[in-house]
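Structural overview for review
Okay, here's what each chain looks like letter by letter:
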Amino acid sequence: MNTSLPAGTLRIEGDIAVLAIQHPPVNALSQVVRETLVKGIALAQAHSAVRAIVLICEGRTFLAGADITEFGKPPQAPSLFEAQDVIELGHKPVIAAIHGTSLGGGFEVALCCHYRVAVPSAKCGLPEVHLGLLPGAGGTQRLPRIVGAAKALDMITGGLHVKAADCLAMGLLDELVPEGQLLAGALAFARKVIDEDRPLRKVRDLDEKMRAARAHPELFADFRKANARKFRGFLAPEYNIRCIEAAVNLPFEQGMQTERKLFLELVAGPQSIAQRYAFFAERQASKIPDVPADTPLVKVAKVGIIGAGTMGGGIAMNFANVGIPVVMVETSQEALDRGLATVRSNYGNTVKRGRLSADAMEKRLDLLTGSLDMQILADCDLVIEAVFEDMAVKKAIFAKLDAIVKPGAVLATNTSALDVNEIASAVSRPEAVVGMHFFSPANVMKLLEVVRGAKTSHTAIATAMDIGKKIGKVAVLSGVCPGFIGNRILRARSLQAQAMLMEGCMPWDIDRVLYDFGMPMGPFAMSDLAGLDLGWSAATSQSATIRDVLCEKGRRGQKTGAGYYDYDAARQAQPSEVTRGIITDFMQRSGHSRREISDTEILERCLFAMVNEACDILAEGIALRASDIDVVWVNGYGWPVYRGGPMHYADTLGRATIAAKLKAYGPLMGAHFKISPTLENAQ
Ligand code: 3H9
């Protein structure tokens, strides 16, 4: 018997009912899915022949969570709780059959089922924390009852997607069934449940693991302390911890009430609103209006990288990590050996930390080869140039590539600021040239700016965006301008920060304000980390800037033990009297006098200058949409995601308010500063 439901079907096969949900793309728990669950389970329960129910999903995944687009809108019946109760409190066993990702509300539904089976490739998790939320459908109460409080803290505050084998080991799954045979495996499991007359197991009734946690109340304080740095500024991790504490200390129903109260507070708060915005902004960034989704792609089976320095090596690791062979080309054996050794040592550190097996490391290293001969790049599908920022050098390399690399390949430059059009002018096929700007360390940072030149083809853009996703990056399209989206905005901030040094601020005053706002570090700490001598030359330096003087004195950043800050042996930064002296001297020489600058002024001038530049970037069409700018700053520069990004932040304050403030700062913003027309005209 087959019954059609609003988002799926109920099929009865002898004494087993199969409720199959179908709600593309990810089977999110929208109103129709909840209705389907309630109706489908109730029908199966009412059917006299049915003795067990299998809940399965069509398409690429099991239920991937609540429908995030419904948050903030009036609730529509039935609620998720109703659907869960129909399952958990029903009188027939329900078996969740999981493939793809069972996440958030989707996993919370699975936890209400009496048994759970999955294919080995499946993953389960409660990732709500990444949306500034907590699992609000019983996840914080049920999960610890199976895995214990300590593991629940890790899994929920980390928002981890846990592999099926690990879920099985923790008791979250009852059985793994062969890949590709989920339905057959789930039916066989259901058969066992019926034949062995297994009980209706309800997670809510488990207490053993909670008793064990009650004997160690210090667990929570220790966890908070150990993770204080990681959770800095975020509200959701703390709320998740409180819920798990409630699971340990309170009866189930009371724990559920705590969870509900804290969930409602989070979902209405500014942090979750910003993080949900960031979730959709990231997905939006991959869509380019004039590059259709079906644009033919170059199949990237082999990658060439020119330059085995820090950047080249880091970029190469991204491809080896996903099984794509990479060849790195250098000009000297020494540089090549050094580059390959750095990659090996980076992988070695990951193995030491237990995040990669030695076997997997060797497999990745096997995919990485080196050469001194550019001819080796002839059969590459994608070549990425990652040498130092010198236009003449880059053009010479591209001219050579043009003669060597097979037709149809994509030729990319990792420049962080140079004109991609000029680089493309060195080849006879400018349509193949695209910018792929990775951020340092390139094997870690998630952002990839894909830079579209005037002649870049749709295929080159689509291939760069697609391969970016495959190597785990968040790719954002930028037009050509100095610094592209990210560094151009960074420059606007740096100009204000530098100007304020001449008005009486010290680097650590400015860094502190931006750190307290939620940035991982301020501009001066960042310069020290990158190295002050980046783009600086001892031969031409004439003590014209504070940086010049610092570099001339050998204070070139963290690597020399001193820059804007002094560094101790553990690389801890300390305010520096030497730097203070240099700045004071500069102020006197240039006739500047000191004035009191408030933290508010520091913050506003830095951030509003960024917003202003971002508005120009948008108006010029360098960024496709405001949210792309936010994606760049969140993923490439550590803008706190709970504040959405500079453009989202501007909208929360009101663009007109920002324009008014900028006008009020007037000449302080600098002789060349102009309020962006879009900001000026904002209502
Ligand atoms: C929750 O469950 C709260 C409960 O605890 C409490 C409730 C009371 N809703 O990422 P993709 C869209 S909170 C709506 O590109 P992939 C997405 O926008 C939720 N839409 O695919 C995109 O749309 P478009 C907890 C969603 O294969 C399309 O689906 N769950 C949702 O790379 C494809 O997405 C999560 O946090 C959603 N929940 O990755 C899981 N999910 O095509 C969030 C996706 O128009 N989702 N969309 O751009 C994910 O992590 C990934 O989407 C997933 C698939 C891993 C599932």
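Residue indices follow the written sequence of each chain, beginning from 1 at its first position. Reporting of local features is limited, given that this is a predicted model, to residues whose pLDDT is at least 70; pairs of side-chain atoms are given and counted only at 80 or more, and all residues count toward the totals for whole chains, interfaces and linings. Excluding hydrogens and water, the side-chain values take into account all heavy atoms of the structure.

Regarding the overall build of the protein
- Put simply, DSSP marks the helices as runs of H or I at least four residues long and the strands as runs of E at least two long, and each gets a number from the N terminus on. Counting its regular elements, the protein contains 29 helices and 20 strands.
- Its C-alpha radius of gyration of 28 Å places the protein within 12% of the 26 Å reference for a compact globule of 683 residues.
- Buried, partly exposed and exposed residues are distinguished by accessible area as a fraction of the type maximum, computed with a 1.4 Å probe on protein chains only: under 20%, between the cut-offs, and over 50%, respectively. Within the protein, buried positions represent 53% of all 683 residues.
- In what follows, residue pairs with any heavy atoms lying within 4.5 Å of each other are defined as contacts. Partitioning the intrachain contacts of the protein with sequence separation of at least 6 by distance along the chain shows that 71% fall at a separation of at least 24.
- Where accessible areas are quoted, they stem from the Shrake-Rupley method and a 1.4 Å probe; at the residue level, only the protein chains shown are allowed to cover. As displayed, the protein has an accessible area near 29,100 Å², and 56% of this comes from carbon and sulfur atoms.
- The positive count covers Lys and Arg only, the negative count covers Asp and Glu only, and His and the chain ends enter neither. Charge positions are represented by NZ for Lys, CZ for Arg, CG for Asp and CD for Glu. Within the protein, one finds 74 positive and 73 negative side-chain charges whose respective centroids are separated by 1 Å. Values of the radius of gyration come from C-alpha atoms, whereas the globule rule sets the reference at 2.2 Å times the count of residues to the power 0.38.

Re the layout of surface pockets
- A pocket, in this scheme, is an open set of points on a 1 Å grid over the protein atoms alone with protein on both sides within 12 Å along at least 5 of 7 lines, while a cavity is a set where a 1.4 Å probe fits but cannot get out; residues line either one if an atom lies within 4 Å of a point. Grid points are joined across faces, edges and corners, and a volume is the space filled by probe spheres set on the points. Roughly 390 Å³ of internal volume is contained in the second largest pocket.
- Considering the residues around the second largest pocket, the lining is formed by 16 residues, among which Leu495, Gln496, Met669, His672 and Phe673 are closest to the centre.
- Contributing elements (two or more residues each) for the lining of the second largest pocket: helix H20 (484-501) and helix H25 (599-619).
- The greatest single-element share of the lining of the second largest pocket, amounting to five residues, is contributed by H20.

Focus on the environment of Ala492
- Considering the arrangement of structural elements, one finds Ala492 in helix H20.
- Along the chain, Ala492 and Glu613 lie 121 residues apart, while their C-alpha atoms are 6.6 Å from each other.

A closer look at the environment of Phe234
- In this fold, Phe234 is placed in the loop between helix H10 (228-231) and helix H11 (236-249).
- For Phe234, a relative accessible area of 28% puts it in the partly exposed group.
- Those residues in contact with Phe234 that sit more than four places away from it in its chain are Gln271, Gln275, Val641 and Tyr642.

Focus on the packing of helix H14 (residues 310-321) against helix H15 (residues 333-352)
- Contact geometry of H14 with H15 gives a least axis separation of 10 Å together with a crossing angle of 55°. Considering their axes alone, H14 and H15 lie oblique with respect to each other. In this structure, the crossing between H14 and H15 has a hand that is right-handed. Only Val343, Asn346 and Tyr347 of H15 make contact with H14, whose side of the interface consists of Gly313, Met317, Ala320 and Asn321.
- Tallied by class, the residues present in the contact of H14 with H15 amount to four nonpolar, three polar and no charged. Between N-to-C directions, angles span 0 to 180 degrees; the directions come from axes that are lines fitted to C-alpha atoms, helices contributing only their stretch in contact. Oblique is the label for any angle not covered by the other classes, which are roughly parallel (under 35 degrees), roughly antiparallel (over 145) and roughly perpendicular (65 to 115). Note on convention: near helix rotated counterclockwise from far helix by under a right angle means a left-handed crossing. Clockwise means right-handed. Any residue outside Ala, Val, Leu, Ile, Met, Phe, Trp, Tyr, Cys, Pro, Asp, Glu, Lys and Arg is labelled polar, Gly included; the first ten of those are nonpolar and the last four are charged.

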